[in-house]
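Spelled out from the first residue to the last, the chains are:
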Amino acid sequence: MATTPCRFGSRRDFLKAAGCLTTGALFHHRLAWAQGSKLKIGLMLPYTGTYAALGNAITNGFKLAVAERGGKLGGRELEYFTVDDESDPSKAPENTNKLVQRDKVDVLVGTVHSGVALGMVKIARETGTLLIIPNAGAAAATGELCAPNIFRTSFTNWQTGYPMGKVVADRGLKNIVTITWKYAAGEESVGGFSEGLSKAGGKVVKELWVPFPQVEFQALLTQIGSLKPDAVYTFFAGAGAVKFVKDYAAAGLKGKIPLFGSGFLTDGVLEAQGEAAHGLETTLHYGDGIETPRNKSFREAYSKAYKGEPDVYAVQGYDTGLLLAAGLEAVRGDVNKKSELVAALEKAHIDSPRGAWTLSKAHNPIQDIYLRKVVGTQNKVSGVAHKALEDPARGCSMKKT
Ligand code: PHB
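Residues numbered from 1 in each chain as written. Predicted model: local features only at pLDDT ≥ 70, side-chain atom pairs only at ≥ 80, totals over all residues. Heavy atoms only, no water.

K.L.:
For the sheet that holds strand β1 (residues 39–45), give the residues involved together with the corresponding values.
P.N.:
Taken in spatial order, the 6 strands line up as β2-β3-β1-β4-β5-β6 in an open sheet, and their pairing is mixed. A single partner strand is all that each edge strand has here, and the edge strands are β2 (72–73) and β6 (150–152). For β1 and strand β4 (residues 107–109), the ladder comprises 3 bridges, and the chain directions are parallel. Counterpart to I41 in the pairing with β4 is V107. The strands that helix α4 (residues 114–127) touches are β1, β4, β5 (130–133) and β6; relative to β5, the one it contacts most, it runs at about 160 degrees. (Pairing = 2+ DSSP bridges. Helix = DSSP H or I, 4+ residues; strand = E, 2+ residues; numbered from the N terminus. Contact = heavy atoms within 4.5 Å. Axes fitted to C-alpha atoms, helices over the stretch in contact; angles between N-to-C directions.)

Have a look at this one:
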């Protein structure tokens with residue numbers, strides 16, 4: 001509909017004014033309607049494959065935060081549009097476009113796998129759709145591809161690897177072999193670890209790689225046995241982490257060559273890993289035994305709602321709900337107020353089960369990284385490996401909208 005300019009003066013203008021008022025009233029009616037309508041949330045996560053459990057935990061955590069707000073964010077009810085991304089980067093642009101172009105979602109939430117997340121980042125940059133990443137740690141999302149409409153509530157792969165380098169070197173373990181999947185998450189986790197390790201006087205003597213999502217570790221474990229490093233550092237997650245930890249023990253390496261990792265190695269998988277995981281030490285921005293009232297109440301609410309224990313992925317999904325709530329409350333549900341929404345998201349203080357956090361200029365959490373040890377079926381926090389760690393956000397220059 002053509003709009004009538006609202007200038008008054010002559011009789012003709014007066015007549016025009018009638019149209020102007022009608023249009024204005026319509027506009028307000030439309031706005032009210034738009035705000036009263038449901039807010040469309042596009043959940044793009046893995047619901048099948050190696051990372052399926054991670055996608056489900058994120059979804060549960062997000063929905064718990066919404067349920068705690070009476071099912072509304074910024075006064076608006078939500079409508080969910082869900083896509084299983086299968087952790088397949090080659091399908092990422094098409095899957096993201098289904099949500100953005102076909103379903104016309106207001107907000108994109110996703111995903112777990114770094115390669116898939118970078119596909120989402122590309123579309124979010126092209127279309128200006130608000131994207132909140134609830135897991136994938138790809139550096140570029142809050143580095144060289146950072147943008148005003150892209151936020152992350154989880155971590156960078158560097159952030160969870162870097163502190164472990166110092167922990168390991170400080171124990172006199174200097175010659176380290178790394179083993180991980182050959183894609184951004186593994187590469188950047190090992191990169192961060194190696195940076196922390198060399199600063200503290202150690203070095204990576206051999207890097208071993210496995211294509212994602214393969215879990216054939218036998219030949220490489222034999223190689224580790226003959227290399228006899230002081231310790232091994234690894235990134236695996238989900239079903240791959242279960243298999244790796246069990247295979248490491250079955251190969252007779254556990255107890256001989258200490259195994260360390262980013263905390264994804266033992267998060268959400270301890271029941272399945274059983275004995276093989278006992279005593280493993282990892283670094284992560286969450287731990288089961290964080291003894292704060294905030295964490296306790298979250299854990300109780302989560303177990304009541306879903307009949308299972310929450311893990312780091314559930315916390316990240318929950319925090320995504322908290323961040324979005326903070327933004328939408330500031331604009332009373334009006335996602336069209338883009339710069340106000342972005343400003344509110346940027347200055348949010350998230351009272352998370354992991355501990356309070358805020359966002360860096362590049363839109364990634366500044367947060368404590370805990371040292372944890374597997375005791376029974378818990379990742380018990382034994383200390384803080386790095387206080388308020390901020391990702392260096394290499395290559396990020398944030399262009400304001
Ligand atoms: C990633 O691909 O960035 C990734 C996947 C699973 C994790 C952590 C990072 O647990």
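K.L.:
Tell me about the pattern of salt bridges, and name the residues and values.
P.N.:
Applying the stated rule across the entire model yields 16 salt bridges. Across the salt bridge formed by R294 and D351, the nearest N and O atoms sit 3.5 Å from each other. With R294 in helix α10 (residues 293–306) and D351 in the loop between α12 (338–346) and β12 (358–359), the pair connects residues that are 57 residues apart, well separated along the chain. A salt bridge links R299 to E309; its shortest N-O distance comes to 2.9 Å. Of the two residues, R299 is situated in helix α10 and E309 in the loop between α10 and α11 (312–330); the sequence distance between them amounts to 10 residues. The class for E309 is exposed, based on a relative accessible area of 57%. Put simply, E86, D88 and K91 are held in one network by salt bridges that share partners. (Salt bridge = Lys/Arg side-chain N within 4 Å of Asp/Glu carboxyl O. Buried < 20%, exposed > 50% of the residue type's maximum accessible area, 1.4 Å probe, protein only.)

K.L.:
An account of unusual backbone geometry is needed here, citing residue identities and associated values.
P.N.:
Each neighbour pair has its own omega, and for G110 with T111 the value is 0 degrees, a cis peptide bond. Positionally, T111 belongs in the loop between β4 and α4. The residue after F212, namely P213, is reached through a cis peptide bond having omega 0 degrees. Position of P213 relative to the elements: it lies in the loop between β8 (203–210) and α7 (218–227). Non-glycine residue K104 carries a positive phi angle of around 55 degrees. With respect to the helices, strands and loops of the structure, K104 is situated in the loop between α3 (92–102) and β4. Relative accessible area serves as the criterion here: at 52%, K104 is assigned to the exposed category.

K.L.:
Residues and numbers for the pairing of strand β3 (residues 76–84), please.
P.N.:
Pairing geometry for β1 and β3, over 7 bridges, is parallel. Counted as the bridge partner of I41 is Y80 from β3. Two successive antiparallel strands, β2 and β3, enclose a turn made up of 2 residues, where G74 displays a positive phi of approximately 55 degrees.

K.L.:
Hey, could you go over the packing of helix α5 (residues 157–170) against helix α6 (residues 184–199) for me, with residue numbers and the actual values?
P.N.:
At a closest axis distance of 6 Å, the pairing of α5 and α6 adopts a crossing angle of 35 degrees. Both α5 and α6 take part in a crossing whose hand is right-handed. Counted together, N157, W158, G161, Y162, M164, G165, K166, V168 and A169 of α5 and A184, A185, E188, S189, G192, F193, E195, G196, L197 and K199 of α6 form the full contact between these two elements. Partitioning the contact of α5 with α6 into residue classes produces 9 nonpolar, 6 polar and 4 charged. (Left-handed = near helix turned anticlockwise from the far one by under 90°. Nonpolar A, V, L, I, M, F, W, Y, C, P; charged D, E, K, R; others polar.)

K.L.:
Can you explain the confidence of the model for the protein chain? Please cite residues and give values.
P.N.:
Predicted coordinates in regions of low pLDDT should not be interpreted in detail. Counting all residues, the mean pLDDT for the protein chain is 92, and 91% of those residues have values of 70 or more. Confidence drops under pLDDT 50 across residues 1–30; counting only partners more than four residues distant or on other chains, this segment forms 12 contacts. (pLDDT = per-residue confidence, 0-100.)

K.L.:
Break down the nonpolar core for me, citing the residues and quoting the values.
P.N.:
Counting 76 residues, the largest nonpolar core has I41, I179, I224, F236, F244 and L324 as its most contacted members. In terms of residue count, the dominant contributor to this core is α11 (10 residues). Here L324 is in contact with I41, F62, L73, V107, L130, I132 and L345, once residues within four sequence places are set aside. (Core = buried A, V, L, I, M, F, W, Y, C linked by side-chain atoms within 4.5 Å.)

K.L.:
Residues and numbers for the site of the ligand, please.
P.N.:
What surrounds the ligand is a group of 16 residues, the closest being S114, G137, Y183, A237 and Y313. Between an oxygen atom of the ligand and a main-chain N or O atom of G137, the distance comes to 3.0 Å. A distance of 2.8 Å separates an oxygen atom of the ligand from a polar side-chain atom of Y313. In isolation the ligand has 280 Å² of accessible area, and contact with the protein removes 100% of it. Tallied by class, the residues present in the shell around the ligand amount to 11 nonpolar, 5 polar and no charged. (Near = heavy atom within 4 Å. Polar contact = N/O pair within 3.5 Å; in protein donor to acceptor, adjacent residues only side chain to side chain. Areas by Shrake-Rupley, 256 points an atom, 1.4 Å probe, with all protein chains shown as cover.)

K.L.:
Describe in detail the packing of α10 against α11, supporting the description with residues and values.
P.N.:
Axis angle and axis distance: for two packed helices, these are the angle between their axes and the distance between the axes, and together they describe the pair. It is at 12 Å that the axes of α10 and α11 come closest, and there the two elements cross at 100 degrees. Judged by the angle between their axes, α10 and α11 are roughly perpendicular. Touching R294, F298 and Y302 of α10 are A314, V315, Y318 and L322, all from α11. A breakdown of the residues in the contact of α10 with α11 according to their chemical character gives 6 nonpolar, no polar and 1 charged. (Parallel < 35°, antiparallel > 145°, perpendicular 65-115°, else oblique.)

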